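Per-entry structural report
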Amino acid sequence: MAGKQKISYFYDPDVGNFYYGQGHPMKPHRVRMTHNLLLHYGIYKEMELFRPALASAEDMTQFHSDEYVEFLRLITPDNQHEHMRQLKRFNCAEDCPVFDGLFNFCQIYTGGSVGGAVRLNHKQTDTVINWAGGLHHAKKNEASGFCYVNDIVLAILELLKVHQRVLYIDIDIHHGDGVEEAFYLTDRVMTVSFHKFGDMFFPGTGALEQVGGAAGKYYSVNVPLHDGMDDDGFRAIFKSVMQKVMDTYRPGAVVLQCGADSLAADRLGCFNLSLDGHADCVKFMKTFKVPLLVTGGGGYTKSNVARCWTYETAALLDREISADIPEHDFYYEYYADVEYKMKVQPTNYIENLNTKSYLSEIQKKVFENLRALEHAPGVAMHEVPPDSMLPEFDEDDLNCDERNGGETGGDARIFRDDEFYEGDADQDGS
């Protein structure tokens, strides 16, 4: 990958329209706020912009059960009272409510991640960004943790068609349980999750001892952390572990989930990272020059989520951006919380319970597990997962600069720079 790296950015302007419900912390509107900042900073001009093709039910069943996907396709707020048994079976309750357009929402964010994997497979780009994706808790047969369809698992299955080894990294404050579980028994995918663990913190998995099983033993790497994690500690353990993982596993592609709930002052988080502490993980993985899919994830203080993902987009582009958020209509007042600055301020009221000795012991045990893998798995290991139902493109289609989402279902190239969404305030103002 000589020269300037090519970056493809997936965004659907409809994603900000979806609403989990009054008081629910998950707000897809944050993705629209991020896009808005990218426009006002002018960063979007340096990327290829695509509107993702909607993932179909058939695409989703490459991982999820037919019954679960059919449930997602048909359930609505109006008919859910007729399906109480299925709501319970598929875990669609308070955390994962049924809301208007639920299936379309899943199609959009999943289409971005899977479509990005297709572009990486065809070597049309070096890095893909899909901030709407990263819903890492969804399971094969149920919703979990605000997540319905696991776009990451589906994107990894797509990458496995071309790459013998795929690495998944998760810096969301919550353990990446859905992705780990999906690939727990295989050496084709290594999962590495840095997360808060203990104190009944959701989802309750991700102990150091969870290392994978069968052919996948030692290919699940968990780095359990405590409250108050700061930049210096996070940066040190992330870089040391990931350098060892890259040296040992040598993946053909990397998927990086950048959940922003590990930032300081998150509504549901308890870490104390600044923008730099979070973005340094992105910058570090970029240095390996391996095909990279970057997704969003958690993040429940919307202004900070938008700051984070804008800052990390700039980092992937090697762009320095102003510390002063450009003045603009519609969303500018959201950033009054830190005086309209591109900044997330670590707090003083959370004690850092991650001592140097604790982090050193965690690193030591992770390294011991990685040493059990003498070398990266060979080329001819296990059966490649079946092709997804995504259409195959010929070279002319793949090199086309504009997709119309017609019969081939390709990703529509976005050229507009005026999607500022006048008058769209967040529905519950929080």
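Whatever comes next refers back to the structure up there.
So, here's what we can say about the structure. (Residues numbered from 1 in each chain as written. Predicted model: local features only at pLDDT ≥ 70, side-chain atom pairs only at ≥ 80, totals over all residues. Heavy atoms only, no water.)

Overview of the overall build of the protein
We apply this condition: Labels follow the DSSP assignment, with helices taken as runs of H or I lasting at least four residues and strands as runs of E lasting at least two, numbered in each case from the N terminus. The classification of residues rests on relative accessible area computed with a 1.4 Å probe and restricted to protein chains. Under 20% of the type maximum is buried, over 50% is exposed, and intermediate values are partly exposed. Working rule for contacts: check all heavy atoms of both residues, and any pair within 4.5 Å makes them a contact. Accessible areas in this description were obtained via Shrake-Rupley with a 1.4 Å probe; residue shielding takes into account the shown protein chains only.
Broken down by element type, the protein carries 12 helices and nine strands. The buried share among the 430 residues of the protein stands at 60%. Contacts in the protein between residues at least 24 apart in sequence constitute 80% of all its contacts with a sequence separation of at least 6. A total accessible area of about 17400 Å² is found for the protein, and carbon and sulfur atoms account for 48% of it.

Side note on helix α3 (residues 66-74)
Short version of the rule: The arc in question is the one traced by the directions running from the helix axis out to the C-beta atoms.
Those residues of α3 lying buried are Y68, V69, F71 and L72. All buried residues of α3 fall inside an arc of 155° around its axis, so they share one side. If you follow the buried residues of α3, they end up packed against α2 (57-60), α4 (84-89) and α5 (102-121).

Observations regarding the environment of G111
Position of G111 among the secondary structure elements: in helix α5. Overall, the relative accessible area of 5% leaves G111 in the buried class. C-alpha of G111 to C-alpha of A155: the two residues are 44 residues apart in sequence and 9.1 Å apart in space. Once residues within four sequence positions are removed from consideration, G111 is found in contact with P52, A53, A55, C106 and G116.

As for unusual backbone geometry
A cis geometry characterises the amide bond from F202 onward to P203, with omega recorded as 0°. Summarising the element assignment, P203 is placed in the loop between β5 (189-196) and β6 (220-225). Positioned with a positive phi, R250 is a non-glycine residue whose angle comes to about 50°. You can see R250 is positioned in the loop between α8 (231-249) and β7 (253-257). Within the chain, D318 stands out as a residue other than glycine whose phi angle is a positive 60°. Looking at where D318 falls in the secondary structure, it is placed in the loop between α10 (302-316) and α11 (356-371). By relative accessible area, which is 61% here, D318 ends up exposed.

Digging into the packing of α8 against α11
To describe two helices that pack against each other, one gives the angle between their axes and the distance between the axes. Our working rule: Fitting a line to C-alpha atoms yields each axis, with helices limited to the stretch in contact; the angle taken between N-to-C directions then spans 0 to 180 degrees. Oblique is the label for any angle not covered by the other classes, which are roughly parallel (under 35 degrees), roughly antiparallel (over 145) and roughly perpendicular (65 to 115).
It is at 11 Å that the axes of α8 and α11 come closest, and there the two elements cross at 5°. By the angle between their axes, α8 is roughly parallel relative to α11. Here G233, I237, S240, V241, K244, V245 and T248 of α8 come into contact with α11, specifically with L359, I362, Q363, V366, F367, L370 and R371.

Digging into the packing of aromatic side chains
Basically, it comes down to this: The criterion for an aromatic pair is that two Phe, Tyr or Trp rings (for Trp, the six-membered ring) have centres within 6.5 Å, with stacked assigned to planes under 30 degrees apart, edge-to-face to planes over 60 apart and tilted to the rest.
Scanning the entire structure with this criterion turns up 21 aromatic pairs. With centroids separated by 5.0 Å and ring planes inclined at 45°, the aromatic side chains of F194 and F238 adopt a geometry described as tilted. Of this pair, F194 sits in strand β5 while F238 is found in helix α8, placing the two residues 44 residues apart along the sequence. F194 sits in the buried class, given a relative accessible area of 0%. Grouped by ring-pair contacts, the aromatic residues F18, Y20, F99, F105, Y109 and Y148 constitute a single cluster.

None of this, on its own, says anything about what the molecule does.
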